[in-house]
Each structure stands twice: as structure tokens, then as C-alpha cells.
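Here is what each chain is made of, one letter per residue.
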Number of protein chains: 2
Amino acid sequence: MSGPAQRRITIKEVAEAAGVGVATVSRVLSGGSASAETREKVLAAAARLDYRPSALGRNLRRQRTGGIGLLVPDITDSFYARLTDGVLSCARSYGEPVTVGVTGDDPEREAELIGTLIEQSMDRLIAVPSGDGEMWAPALRAGLNVVFADRRVRADVPSVVPDDRAGVLTAVEYLAGLGHRKIAYLGRHGQSQRVAAFSAAIASLGLPADRDLVVHARSSRDSAYAAAAGLLQHRPDVTAVIAGGNVLGEAAVLAARELDVRIPRDVSLIMFDDVPWAELCSPPLTVIAQPAQDIGYRAAELVLRQGRRPPTVTLPTQLVVRASCGPKVSVPRR
Amino acid sequence: MSGPAQRRITIKEVAEAAGVGVATVSRVLSGGSASAETREKVLAAAARLDYRPSALGRNLRRQRTGGIGLLVPDITDSFYARLTDGVLSCARSYGEPVTVGVTGDDPEREAELIGTLIEQSMDRLIAVPSGDGEMWAPALRAGLNVVFADRRVRADVPSVVPDDRAGVLTAVEYLAGLGHRKIAYLGRHGQSQRVAAFSAAIASLGLPADRDLVVHARSSRDSAYAAAAGLLQHRPDVTAVIAGGNVLGEAAVLAARELDVRIPRDVSLIMFDDVPWAELCSPPLTVIAQPAQDIGYRAAELVLRQGRRPPTVTLPTQLVVRASCGPKVSVPRR
DNA sequence: ACCACTCATGGAAACGATTCCATCATGATT
DNA sequence: AATCATGATGGAATCGTTTCCATGAGTGGT
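Every value quoted in this text rests on a predicted model; they were computed, and no experiment measured them.

Examining the interface of chain B and chain A
- Each partner contributes residues to the interface: chain B has 52 residues there, and chain A has 52 residues.
- Summed over both sides, the interface between chain B and chain A buries roughly 4800 Å², with carbon and sulfur atoms accounting for 60% of that surface.
- A per-residue breakdown of the area chain B buries against chain A is headed by Leu56, Arg92 and Leu280 of chain B, which together make up 16% of the total.
- Counting the contacts that link chain B with chain A gives 2 salt bridges.
- We note a salt bridge from arginine 92 of chain A to glutamate 112 of chain B, for which the minimum N-O separation is 3.6 Å.

Structural notes on the protein's contact with DNA strand C
- With respect to spatial proximity, 25 residues lie near DNA strand C, and among them Ile11 and Arg61 of chain A together with Thr24, Thr38 and Gln63 of chain B are the closest.
- Expressed as a percentage, the sugar and phosphate content of the atoms of DNA strand C within 4 Å of the protein is 65%.
- The separation between a phosphate oxygen of DNA strand C and a polar main-chain atom of serine 54 of chain A is 2.8 Å.
- Contacts to DNA strand C include arginine 58 of chain A, whose side-chain N or O atom sits 3.0 Å from a phosphate oxygen.
- Secondary structure elements with two or more residues in the surface near DNA strand C: α2 (22-29) and α4 (55-62) of chain A together with α2 (22-29) and α4 (55-62) of chain B.
- Here the surface near DNA strand C is composed, by residue class, of 9 nonpolar, 11 polar and 5 charged.

A few points about the protein's contact with DNA strand D
- Taken together, 25 residues form the shell around DNA strand D, and within it Thr24 and Thr38 of chain A together with Ile11, Tyr51 and Arg61 of chain B come nearest.
- Residue serine 26 of chain B places a side-chain N or O atom 2.8 Å away from a phosphate oxygen belonging to DNA strand D.
- Of all the secondary-structure elements, those providing two or more residues to the surface near DNA strand D are α2 and α4 of chain A together with α2 and α4 of chain B.
- Per-element tally for the surface near DNA strand D: the top contributor is α2 of chain A, with 4 residues.

What to know about the packing of α2 of chain A against helix α3 (residues 36-49) of chain A
All names here are of chain A.
- In contact at an axis separation of 10 Å, α2 and α3 are set at 90 degrees when each is read in the N-to-C sense. Classed by the angle they form, the pair α2 and α3 counts as roughly perpendicular. Side by side, α2 and α3 meet where Val25, Val28 and Leu29 of the first sit next to Arg39, Val42 and Leu43 of the second.
- Within the contact of α2 with α3, the residues separate by chemical class into 5 nonpolar, no polar and 1 charged.

Quick notes on the sheet that holds strand β10 (residues 286-289) of chain B
Residue and element names in this part refer to chain B.
- The strand order across the open sheet built from 6 strands is β7-β6-β8-β9-β10-β12, with neighbouring strands paired in mixed fashion. The sheet is open, and its two borders are formed by β7 (214-217) and β12 (318-320), each paired with just one other strand. Between one strand and the next, the sheet's axes are offset by a mean angle of 20 degrees, whatever the strand orientation.
- Pairing of strand β6 (residues 183-188) with strand β8 (residues 240-243) involves 4 bridges; the strand directions are parallel. Along β8, the bridge assignment pairs alanine 184 with valine 241.

Some details on helix α5 (residues 78-94) of chain B
Residue and element names in this part refer to chain B.
- With 17 residues, α5 ought to run about 24 Å at 1.5 Å a step, and its terminal C-alpha atoms sit 25 Å apart, in line with that.
- Most of α5 sits out of view: 12 of its 17 residues are buried.
- Regarding α5, the residues found buried are Phe79, Tyr80, Ala81, Arg82, Leu83, Thr84, Asp85, Gly86, Val87, Leu88, Cys90 and Ala91.
- In this structure aspartate 77 caps α5, since a side-chain oxygen of it lies 2.9 Å from the backbone nitrogen of phenylalanine 79.

Points about the sheet that holds strand β10 (residues 286-289) of chain A
Residue and element names in this part refer to chain A.
- Strand order in the open sheet formed by 6 strands is β7-β6-β8-β9-β10-β12, and the pairing between neighbours is mixed. Strands with a single pairing partner mark the edges of an open sheet, and in this sheet they are β7 (214-217) and β12 (318-320). On average, each strand axis in the sheet is tilted by 20 degrees relative to the strand beside it, whichever way the strands run.
- On the sheet, helix α9 (residues 192-204) packs against β6 (183-188), β7, β8 (240-243) and β9 (268-272) and is oriented at approximately 170 degrees with respect to β6.
- Strands β6, β7, β8 and β9 of the sheet are contacted by helix α11 (residues 246-258), whose axis makes an angle of about 155 degrees with β9.

What about the nonpolar core?
- Of all hydrophobic cores here, the largest spans 66 residues; its most connected members are Leu285 of chain A together with Leu285 of chain B.
- Leucine 285 of chain B has contacts with Val253, Leu269, Met271, Trp277, Ala278, Val320, Arg322 and Ser324 of chain B, leaving out every residue within four places of it along the chain.
- In terms of nonpolar packing, the next biggest core, distinct from the first, is built from 56 residues, Val100 of chain A together with Leu83, Val98 and Ile126 of chain B among them.

What to know about the domain arrangement of chain A
- Annotation of chain A at the domain level lists domain 1 (11-53), domain 2 (68-161 + 293-315) and domain 3 (164-290).
- Taken over C-alpha atoms, the centre of domain 1 of chain A sits 37 Å from the centre of domain 2 of chain A.

What about the packing of aromatic side chains?
- By the definition in use, this model includes 6 aromatic pairs over all chains.
- With 5.1 Å between their ring centres and 80 degrees between their planes, phenylalanine 79 of chain B and tyrosine 80 of chain B make a pair best called edge-to-face. Grouping residues by exposure puts phenylalanine 79 of chain B and tyrosine 80 of chain B together as buried.
- Ring plane angle 35 degrees and centroid distance 5.6 Å describe the contact between tyrosine 185 of chain B and phenylalanine 198 of chain B, whose orientation is recorded as tilted. Taken together, the residues span a long stretch of sequence, with tyrosine 185 of chain B in strand β6 and phenylalanine 198 of chain B in helix α9 (residues 192-204) at a distance of 13 residues.
- When the ring centre of phenylalanine 272 of chain A is taken as origin, the NZ or CZ atom of arginine 194 of chain A, which lies over that ring, is 4.1 Å away.

Some points on the relation of the copies chain B and chain A
- With an RMSD of 0.1 Å, the operation that places chain B on chain A is a rotation of 180 degrees combined with a shift of 0.0 Å along the axis. Taken together, the rotation angle and the small translation identify this as a two-fold axis.

Side note on the packing of α4 of chain A against α4 of chain B
- Remark: α4 of chain A packs on α4 of chain B, axes separated minimally by 9 Å, with the N-to-C direction vectors making an angle of 145 degrees. In this structure, α4 of chain A crosses over α4 of chain B, and the sense of that crossing is left-handed. When α4 of chain A is examined against α4 of chain B, the residues Leu56, Gly57, Asn59 and Leu60 of chain A are found in contact with a partner set consisting of Leu56, Gly57, Asn59 and Leu60 of chain B.
- Here the contact of α4 of chain A with α4 of chain B is composed, by residue class, of 4 nonpolar, 4 polar and no charged.

A word on helix α6 (residues 107-119) of chain A
Residues and elements named next belong to chain A.
- Compared with an ideal rise of 1.5 Å per residue, which puts 13 residues at 18 Å, α6 spans 18 Å between its outermost C-alpha atoms and is within 8% of the ideal.
- Along α6, the residues that are buried comprise Glu110, Leu113, Ile114, Gly115, Thr116 and Leu117.
- Looking at the buried positions of α6, the neighbouring elements they touch are β1 (68-72), β2 (98-102), β3 (124-127) and α7 (137-141).
- Sitting at the head of α6, aspartate 106 places a side-chain oxygen 3.0 Å from the backbone nitrogen of glutamate 108.

Observations concerning the environment of arginine 27 of chain B
Residue and element names in this part refer to chain B.
- Counting through the fold element by element, arginine 27 comes out in helix α2.
- Along the backbone, arginine 27 and arginine 39 are 12 residues apart, and their C-alpha atoms lie at a distance of 9.2 Å.
- With residues up to four places along the chain from it excluded, the contact list for arginine 27 reads Gly32 and Ser33.

Conventions used here
- Residues numbered from 1 in each chain as written.
- Chains lettered and ligands numbered in written order.
- Predicted model: local features only at pLDDT ≥ 70, side-chain atom pairs only at ≥ 80, totals over all residues.
- Heavy atoms only, no water.
- Contact = heavy atoms within 4.5 Å.
- Buried area = accessible area lost by both parts, 1.4 Å probe.
- Salt bridge = Lys/Arg side-chain N within 4 Å of Asp/Glu carboxyl O.
- Near = heavy atom within 4 Å.
- Polar contact = N/O pair within 3.5 Å; in protein donor to acceptor, adjacent residues only side chain to side chain.
- Helix = DSSP H or I, 4+ residues; strand = E, 2+ residues; numbered from the N terminus.
- Nonpolar A, V, L, I, M, F, W, Y, C, P; charged D, E, K, R; others polar.
- Axes fitted to C-alpha atoms, helices over the stretch in contact; angles between N-to-C directions.
- Parallel < 35°, antiparallel > 145°, perpendicular 65-115°, else oblique.
- Pairing = 2+ DSSP bridges.
- Expected span 1.5 Å × (residues − 1).
- Buried < 20%, exposed > 50% of the residue type's maximum accessible area, 1.4 Å probe, protein only.
- Core = buried A, V, L, I, M, F, W, Y, C linked by side-chain atoms within 4.5 Å.
- Domains from an automatic or database assignment.
- Phe/Tyr/Trp six-rings, centres within 6.5 Å; stacked < 30°, edge-to-face > 60°.
- Lys NZ or Arg CZ within 6 Å of the ring centre and 35° of its normal.
- Least-squares fit on C-alpha atoms with pLDDT ≥ 70 in both.
- Left-handed = near helix turned anticlockwise from the far one by under 90°.

Following this line, the structure appears as C-alpha cells:
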């Protein structure tokens, strides 16, 4: 099927064809100094032979692999897909390849993937961290150039995150303004920042604190559905739910339908992350939009442009009001 | 910030620590023959020093980079995100890293990305091809091990594709059974297979052929919306639309709303690719489900397991009836 | 007791690039 | 005219691994 796998042109052959030494070829091709005459000869020979320098040789000598590693919990989640798109978009303009891994929010899998990346001598990594900060100590000690995206678990690693505090506060204030007092937060693991912001917001508005009002799911759709259904079923007193991501939001809508809980009549719903279908949904979902693509792009910039790196870049979120929130019902459901 | 970038342990140091030669270490670690005694010494030394072989050195020597390249048109599109997930899932079980690039369905960008991959000596590639078959000749000649996914543009390259013919036929038959005769296909570039299948299905059912009933969009959401709006606006006689992907379907629903065309009363809609939100949509969308994840998984298997490779794997699609199709209206719109 | 044969073992070459360093030519300065 | 500075150039070392090949030890057979 495939041909005789034609051998690759090496720098030695180019040198021979141009009648110069390999060192000169290398210099010309990587912008070193050379006389106009030899430069031309080398360039001509390289073009004629269609020479492509092998990244393998270069990387071995340079002791580092170009390219970026990217670790996301779930590429199927629109938020992380867009984040990935941002990374790829920035990396492309630098001509850097990106190696993607999905962690499923499992610290063990994450560690395994980091291991693979280190084995490849990859020295730049963008990650949506699953585990706690401790886990990253060995990777950092190995000289890995890490940037966190979406979540921040260590102060000594540059991070690009959405403004969770403001986003949560906006959502809670909006719901409180509608008269809601029992507001639940439906989140996934790894959102400690947001849960903290949620509790703070609840407290600052003088609403009743209740630890059971934050529910956690794992990263699968099944787990999200179970968490949403559990919340709606066991807490008929909550009148508003904040879903901490589009998968959670989707699960909440589905669970509400199944349980015959109407949105927004019976319970109001705000979803983190604006996705195209939020508008198509019935009812159209009120959301806190997050700049997923920007987060990825900025993280890639940070990891590619070494040097002065701000500890944390925080990107604004935005409340988009549609039709999934209404005034508090006067009598509790059921 | 980052520490003194501790130097990497090399095989030479392990050999020294174990009191053997480097060749022996290499043999032990890659499963060659060695006496039980030395094997143990080597393993102990490697463990003690936390030795990780450098993929760089290995790859240079072996003249090939492990890992898989993956080229998709748009990672933001749920279909390709799921396909990617399938590839990653299979690759993970082999411990192979995956390098992802997005082509935007632009043959030029695609060629550029292939170049980058070849530069990395990557020799395995899974691609959703954007251009025509010709484009791939150089890559194949370079000894690249290619598998196509989702689309098949060359007979001499193994491909994993959904059963477009059956899927389209099912959709057209379903709509015809509802009484529709003017059925439009809203597709994107690169779907020549499906367009051919569409024309064949129309013909086989004795429906009027009309070339203008297939409309093409580029891969952006804007382009999809424009195409959908154009179709609905200029062809009030079509009573049913088949959208060739979830982005197109989304655009069709949006455009229909904007133009006050009601689904399914005014026009019926079938969307290719089942996505979670299809059920949440108003109305819930009737779809032709495609096994996106499976396509990716199978393609990865094919590219990883060399040897006997079937020319084409075709995976079944499935009609999922929801609420976006109705009987043909008796009077044309407007 | 000698030969043939197997098997573990380590030295060294190879992969393809970059880069240090020595060499040589040329032009400028004393 | 001799010396020095400058700059272009090519040989060779280097990166970390795998693998070829030679060596030596040990075993069994005649």
C-alpha cells in the first residue's frame, strides 16, 4: 500500500549538495551569519532537495521538545473544547504542535499523562488541574513549564481563570433580587474556588447558609444527572439552582423535566458557561458566559512567551439573561 | 519560580549505578534477555534513581516518533470533539500521545499541519480530510501511515466512516413517508459522499430532482447560519430540511426562529448527529445519530495496529425520532 | 581433554541536528 | 610590512537511546 517509504533528506546531504560543511548549513537555516554567496547556495540546495530539518535531531541536541502539552478533564465538554480551540489557535501561530490528553478529572490519570509528557521531554504544559496543588511538585521540580487554566491550585504557577468570584456573585445577586433565598450550587469536583465564592456570596447577602446546598458531581454526564436529580428530589425547598457548567446545566434541565419540575415556574436555573444550545433550549437558559476560548489562548501565550509571567490572569464573565429564571414561588413545591 | 531544573537521569548513570554496561540496561528495560541477577540489579538501580527513558533518544535512534497526529476540521463541533475523544481513549490504552490540529476545513492549513507533523517525524496520522485525494500523495509517499475518519477521499487509504448512504436514505424515506417532496440538504464542504447519497435517495424514491436543493456552508457557525437562512428565505417551497451536522442543525433552528418559520409546522427538520441538546431543544430534534466516538476509536485502532488493514470500516447510523418532523403542510408557506 | 555451541555482556556505532572551537582569509591598524 | 581584529567556514563533539558485534564464560558432546 504505502510506497518504499522514501528516506528522509538529512542536513549532511544538503551540505554535500551545496558543497559546504554541515555546520554552515545549520547556521544558514537557523539565521546565523554567512556570506551572501554561501547562503544562496545552501538555500538553493535545500529547496532543490526539499529538505525538512528533523525535529528529532534538533530536540535531542537542544534537550527539549518543542510543542505544548494540554490536559483537560473532558474534551467532549463544550467549555473545554473551546478552551482547547483557543490553545490550538495560539499555538498554530507559533508553529508549535499541541499534544492533548484527557484526565477525566482523575488525579491518577493526570499523573500518568504528565509522566508520558515528561518522557517526551515536553517542557511546556497547560493544564486544568484535577488534583490538589501538592501533586504538581514533582512535575515542577522536573523543570516543567506549567500554566494552569480554568482552575488555580497553586499560587506559584501562572494561571488563567474566569472571574469566578464575580460570576458567582452576579448570579446569586440576580437570583436574590428575584426573591430567592434557598439557592443551591450544583458543581463538579475541582471547583473549590467557586464553591468558596458561592458561600461568600450567600453570606454577604444575608441568605441562610446551608452546607447541603452545594452538591458535587463527577465529570461524567451520568454523575451530573444523578446529582441534579438528587438535588431536585430531596430538596423541594430550593427555588433556584446554579449549575457550575454546561454539562451540569444540561443534566439539571433533563432531571427537572423527568421529575416534572418546571423551569422557571418551579425552580429558576442559571448555568455557568454560555453554549450555543442555551438559546435553543426550552426555556432558553440564563447563563454566566465564560470566555473559554480566551482562557485557552491566553494560557498558550503565557506558556509560549517565557519571561515576566503574571501570577494570575483573571478574565471577566458576563450574565446573559434569557428565560430560565423567574420570581420565587410563594409556596414551596410539593 | 521553577527550581534549578534538575538534570534528567540518563541510561548511562543507571548503568554505572548498577555496575553494568548501558547495553545491558537497555536490554533489561526493553525486555531483552539477561540473567536474573543482573536484571534485578538494573531494575533496582533504575527504580532507585527514578529513571525515565528519554523518548527523544529512543525516537532518534528508531527513526520514528511514537504518537499519533489527529487532524479535525473543528474541535468545537461536538461531533469532532467526540471523535477526538474516541481517538484519545484508544491511544491512552497504548500509552501513545496524540497531537491534535484543527484544519478549519481549509486544505492549505491542512497541508501546513501535515508539514509540522512530518517535521516531528510523526508517522501515524488520523485525519478528517478537507481537500481532495490528490493532496495526500506527498504525505503518503513520505511513508506516513494515514487513516481517514468521517470522510473517505482515497480508496488506497483505510477509512472509518459512518454509513452515510444508509443514514441519508433513512432520513429521506422517513420524510417522504410523511408526505414531503421538496426536501433540501444543508451540508458543509467535504460531504460529497453524503450529497451523492442524497441525490441517489431522492431519485430512488421518484422525488423531483433539483440541484439547488443542496446548499453548502463553510465550517464556521456564521456561514452555517447564512446558508440556513438563505435556504429558508429563498425556497418557501421546501417543506423539509436535512441538516448535515449539529452546527448546521443549530443554525437551521436559529434561522427558522428568526424568520418565524415554525418547526415542524412549517418545515420539518432532521439533523445529522445526535447531541445531548437535541433533546432539550424546542422542539426536540429528530436526528440521525452517528457513532462519533466509535469512529475515532476504530480509526485509532487501525492506525496503531499495523498489518492487515481493511480498506474501509463503515459504522451504522440510527434514526432517532423526536418532534421536529411533521406531515407535509398542504399549502406552501407564504 | 578438546571442540562446538549457547548465552550473557559491554564497547562502540548510529540516528540528525546544533554548537564549540580551531583554522584560514581578508582587511585594517600600527 | 608586520600584527591584530574580524568574520566566514568546516571538523568534531554532543545529546540519550538502541543495536550490532566481538568477547568471554560456561556447558554438553564426542
